[in-house]
Amino acid sequence: GINLPSRWQQQSSEPSRYTKRQESNLSRLLQSWQEEKKTMKPSKVLVVLGYVGVLLLLRPLLLDVVPSVSQTACIALARMAEASPQIAEDIIKIDILPDIVDSIAYQNVTAQHSEIFQEIAAFLFKAIARHNKELAQEVVKAGGLQALASILQEFDPAVKEAGCWAISFIAK
């Protein structure tokens, strides 16, 4: 079998449920926000979602064994990071990038939908690095450049293109 990184094993053993009060508060916040979001621009909606704790809710989904779940969580993070430099910084602060790098390596070994996830991960790296050089440096510190180097070795031209775009934003 394949050995999962130790931090994945640690996270999977912890309970990921919220208390009834937290669920209730989040539910009320989301209900009151439903009407307001109809008049907002899509990028503003993503920024607001970032501040109501969605980043913390998406993190465990990145480690899900179902490929479409981890892919969708990564897309959501990338879109929010692209919309706001503050959300990109928050993604760095809560240490999500090493999980993405580990996921790329893990999916390369298992060959389960790895091209799709690699393309999405490159989009996330680009979305974070595009805001400023400090965030680009954080992507490099998290191992993003090494992950992008492995992405460039893929056969699929769309995956290679996504990797090239991400590297270009890091180098900027």
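Quantities reported herein were computed from a predicted structural model and do not represent experimental measurements.

(A) How the structure looks around the packing of aromatic side chains. In total, this model carries one aromatic pair according to the counting rule given. Where Trp165 meets Phe169, the ring centres are 6.3 Å apart and the plane angle is 40°; that geometry is what we call tilted. Remark: Phe169 and Trp165 occur in helix H11 (residues 157-171); sequence separation between them is four residues, near one turn of the helix. Exposure remark for Phe169: the relative accessible area of 17% places this residue in the buried category.

(B) How the structure looks around the nonpolar core. In terms of nonpolar packing, the biggest core is built from 39 residues, with Leu77, Ile91, Ile100, Ile104, Leu124, Phe125 and Ile128 touching the most fellow members. Of all the secondary structure elements, the ones that give two or more residues to this core are helix H4 (54-62), helix H5 (67-83), helix H6 (85-93), helix H7 (97-110), helix H8 (114-129), helix H9 (133-141), helix H10 (144-151) and H11. For this core, the element with the most residues is H8, which contributes nine residues. Setting aside residues no more than four positions away along its own chain, Ile100 makes contact with Leu62, Cys74, Phe117, Ala121, Leu124 and Phe125.

(C) Main features of the pattern of salt bridges. Taken as a whole and assessed by the stated rule, the structure comprises two salt bridges. Two residues, Asp99 and Arg59, come together in a salt bridge whose shortest N-O distance is 3.0 Å. Residue Asp99 is found in helix H7, and its partner Arg59 is found in helix H4; the two are separated by 40 residues along the sequence. Given a relative accessible area of 0%, Asp99 falls into the buried group. Between Glu138 and Lys141 there is a salt bridge, with its nearest N and O atoms 3.6 Å apart. Of the two residues, Glu138 and Lys141 both sit in helix H9, three residues apart, roughly one turn of that helix. The partly exposed category is assigned to Glu138, whose relative accessible area is 28%.

(D) Highlighting unusual backbone geometry. In this structure, Asp95 is a non-glycine residue whose phi angle is positive, near 65°. When you line up the elements, Asp95 lands in the loop between H6 and H7.

(E) Structural detail: H11. Its 15 residues place the ends of H11 21 Å apart at the C-alpha level, agreeing with the 21 Å of an ideal helix rising 1.5 Å per residue. For H11, the set of buried residues is Val159, Ala162, Gly163, Ala166, Phe169 and Ile170. Across the axial projection of H11, the buried residues extend over an arc of 125°, all falling on one side. Structural note: H11 exposes Pro157 and Ala171 on the side pointing more than 90 degrees away from its buried face. The inward-facing, buried residues of H11 contact H8, H9 and H10. N-cap assignment for H11: the residue whose side-chain oxygen lies 3.0 Å from the backbone N of Ala158 is Asp156.

(F) Quick peek at the packing of H5 against H6. Contact geometry for H5 and H6: axes closest at 5 Å, N-to-C directions at 130°. By the angle between their directions, the pair H5 and H6 is classed as oblique. Listed contacts from H6 to Leu77, Met80 and Ala81 of H5 are Ile87, Ala88 and Ile91. Taken together, the residues of the contact of H5 with H6 sort by class into six nonpolar, no polar and no charged.

Definitions and cut-offs
Just so you know, the residues in each chain are numbered from 1, in the order the chain's sequence is written. For this predicted model, a pLDDT threshold of at least 70 governs which residues receive local features, and a threshold of 80 or more governs which side-chain atom pairs are given and counted, while totals over whole chains, interfaces and linings are taken from all residues. The basis for the side-chain values is all heavy atoms of the structure; hydrogens and waters are excluded. The aromatic pairing rule takes the rings of Phe, Tyr and Trp, using the six-membered ring of Trp, and pairs them if the centres are within 6.5 Å, calling planes under 30 degrees apart stacked, those over 60 edge-to-face and the rest tilted. In this text, helices come from DSSP runs of H or I with a minimum length of four residues, and strands from runs of E with a minimum of two, each type numbered from the N-terminal end. Throughout this description, buried means an accessible area under 20% of the type-specific maximum (1.4 Å probe, protein chains only), exposed means over 50%, and partly exposed covers the range between. Only buried Ala, Val, Leu, Ile, Met, Phe, Trp, Tyr and Cys residues count toward a nonpolar core, and they belong to the same one when joined by side-chain atoms within 4.5 Å. For this analysis, residues touch if any pair of their heavy atoms sits within 4.5 Å. Any carboxyl oxygen of Asp or Glu that lies within 4 Å of a side-chain nitrogen of Lys or Arg is treated as forming a salt bridge with it. Any helix carries an expected span of 1.5 Å times its number of residues minus one. This arc is taken over the directions from the axis of the helix to the C-beta atoms. For the purposes of these results, a polar contact is taken to be a pair of N or O atoms within 3.5 Å, where, inside protein, one atom must be able to donate a hydrogen and its partner to accept one; residues adjacent in sequence count only when each atom of the pair is a side-chain atom. In this analysis an axis means a line fitted to C-alpha atoms, helices contributing only their contacting stretch, and an angle means the value between N-to-C directions, from 0 to 180 degrees. Our angle categories are set so that under 35 degrees counts as roughly parallel, over 145 as roughly antiparallel, 65 to 115 as roughly perpendicular, and the remainder as oblique. When residue character is reported, Ala, Val, Leu, Ile, Met, Phe, Trp, Tyr, Cys and Pro are called nonpolar, Asp, Glu, Lys and Arg charged, and the others, Gly included, polar.

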